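In case you want the letters, here they are:
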Amino acid sequence: MRARLRVGLGPKLRVGPIGAGAGAGRGCYALPRGTRQQGQGLRRAASTYDAPSNLSGGSQLESLSKLSEIVRNSVVIDPKVENDGRGENFENAVCSSAAAVTSRTLLKVLRNPVGMRQYEQPIESALAYVDNAQPKEKDSLGLVHCSLDKAMVNLGSLLAEQVDGRVSTEVDARFANDKDKIIEEVMYLSKLYDEVGVENSKILYRIPATWDGIQAAKVLEERGLNTLMTLVCSFAQCVAAAEAGVSVVQLYVGRVRDWYKKHPNAIRNPEGPREDAGSKEGSDPGHDLVRKCYNYLHKYHPKTKIMAGDIRTKDDALKIAGCDFIVLAPQIISELGQTPSALGYNDGLSATHEYPSDVSLVLSPKKASATEFSEKYIKGYKDKKSFDDGLGECGRDLLARSLKRYCDSMDQLEPYFTKIAGRTN
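Basis of the calculations
- Residues numbered from 1 in each chain as written.
- Predicted model: local features only at pLDDT ≥ 70, side-chain atom pairs only at ≥ 80, totals over all residues.
- Heavy atoms only, no water.
- Buried < 20%, exposed > 50% of the residue type's maximum accessible area, 1.4 Å probe, protein only.
- Helix = DSSP H or I, 4+ residues; strand = E, 2+ residues; numbered from the N terminus.
- Right-handed = clockwise from strand over helix to strand, strands pointing away.
- Pairing = 2+ DSSP bridges.
- Phe/Tyr/Trp six-rings, centres within 6.5 Å; stacked < 30°, edge-to-face > 60°.
- Lys NZ or Arg CZ within 6 Å of the ring centre and 35° of its normal.
- 1 Å grid on protein atoms, 1.4 Å probe; cavity = no way out; pocket = protein on both sides within 12 Å on 5 of 7 lines; lining within 4 Å.
- Points joined across faces, edges and corners; volume = space filled by probe spheres on them.
- Nonpolar A, V, L, I, M, F, W, Y, C, P; charged D, E, K, R; others polar.
- Core = buried A, V, L, I, M, F, W, Y, C linked by side-chain atoms within 4.5 Å.
- Contact = heavy atoms within 4.5 Å.

Novice: Break down the pairing of strand β9 (residues 248-252) for me, with residues and values.
Specialist: Of all five residues that make up β9, five are buried, and the element is covered over most of its length. Side chains of β9 alternate between two faces, with Val248, Gln250 and Tyr252 and Val249 and Leu251 buried alike. Since strand β8 (residues 227-232) and β9 lie parallel, the crossover through helix α8 (residues 235-244) that links them has a hand, and here it is right-handed. Of the strand pairs in this sheet, β9 and strand β10 (residues 305-309) are connected by five bridges, and their pairing is parallel. Paired with Leu251 across the two strands is Ala308, which belongs to β10.

Novice: Now, about the packing of aromatic side chains: what can you tell me, with residues and values included?
Specialist: Under the definition given, this model contains nine aromatic pairs. Between the aromatic rings of Phe235 and Phe373, the centroid separation amounts to 5.9 Å while the plane-to-plane angle is 15 degrees, which identifies the pairing as stacked. Taken as a pair, Phe235 in helix α8 and Phe373 in the loop between α13 (365-369) and α14 (375-379) lie far apart in primary sequence, 138 residues in all. This pair shows no difference in class: Phe235 is buried, exactly as Phe373 is. A ring pair is formed by Trp259 and Tyr260, whose centres lie 5.0 Å apart and whose planes are at 80 degrees; its orientation type is edge-to-face. For the residue pair Trp259 and Tyr260, the accessibility class agrees, reading buried in each case. Three or more aromatic residues joined by ring pairs form one cluster here, namely Phe235, Tyr296, Tyr300, Phe373 and Tyr377. In this arrangement the basic side chain of Arg255 is found over the ring face of Tyr252, its NZ or CZ atom lying 4.2 Å from the centre. We note Lys292 situated over the ring of Phe235; from NZ or CZ to the ring centre the distance is 4.5 Å.

Novice: Could you give an account of empty space enclosed by the protein, with specific residues and numbers?
Specialist: In this structure the tally under the stated criterion is three cavities of 30 Å³ or more. Forming the walls of the second largest cavity are Glu170, Val171, Ala173, Arg206, Pro208, Thr230, Leu231 and Tyr406. Of all elements in the fold, only β7 (203-208) and β8 reach the threshold of two or more residues within the lining of the second largest cavity. Within the lining of the second largest cavity, the residues separate by chemical class into five nonpolar, one polar and two charged.

Novice: I'd love a proper account of the nonpolar core, names of residues and values included.
Specialist: By size, the foremost hydrophobic cluster in this structure holds 106 residues, and its most contacted members are Met229 and Val249. A total of 11 residues in this core trace back to one element, the largest contributor, which is helix α15 (residues 384-424). Among all residues touching Val249, those that are not within four sequence positions of it are Met229, Val232, Cys238, Ala241, Leu297, Thr304, Lys305, Ile306 and Met307. The next biggest cluster of nonpolar side chains, apart from the first, holds eight residues, and it includes Val71, Ala98, Leu228 and Val327.

Listed below in structure tokens is the structure:
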């Protein structure tokens, strides 16, 4: 049995696995003794006396981390984490609770000389593995594609040793509208992870939230494989994914907001009245979508967790506090960490008073249970046509554009593997 390297995350870090269930993975920081979550904030129990010197001031990152699991949005090569120019991993970075292996990750590794030195062997060994093992999937997926999948698994297995949470692994976006191909690739990826000793519970398979992608995810979840639906930019995708029993749906706050800024007269609710168009004062389409999806999932499908990505500012993150997972760029994590919070404040004489956090709980299961949804959403989508109609202009446009970007990344990757294959033959 392969020994698993357990990498420490530092004395202040506490992380949990993505999709592990409610309450299992809150925050980046360990809760101070005597601290508990209460309603709109965090209060310090007054049962014992704590000297002021024992209770330091907190930060907004620490406060937010008690309400949501904060996930660092970082590819393997992160200049702020590199050590002596060697392109080190991000194991000691704040909130490095999970990782993702995507086509863009591999492209950055292959295009970066620093990164290539560190990961050249895992990538080149992928070609040798496929050439020697001759997997049956080679006939249908092709040599280069099988090698690419093996490279992702090699890299994913390294990351699995460096984070406490899960490693999500991208499924080829060019299969987005082919249910059977998606299932075949994920089963192959799963076999490869099993061969290197990485358990299924450690991996999430990133599948585009098309109708075929969601139907493939349903089959995979029934087989015990955990899926993450990506490129979710509409409520219809969230509903269909939840009906399929997926583990995580990932929404993109900034992309949705940008789209509505460019299309100010677009219908926000494709199944609502025609007058439901134009911007509403004080509302944010990205935040609104997260809130609606969170409430729906926590009311009707609590197994499925929501992850909010494409967060542009720290205020973006604070306005969805309570969301199961919030993906933040390193600079936003740093900004939140440097912003003082009332959490942990004391008056210099006694720390026995109750001090609420100044980061409010915006999303909660209690609020979700009080939210009403139409019967149509409760029943879900039964066919591709109703699903496509439910996407709306924003969902259709963003899904198509995002798929093209991911497909382009895969197309750009293949020449690297073809070149490496030529060197190893």
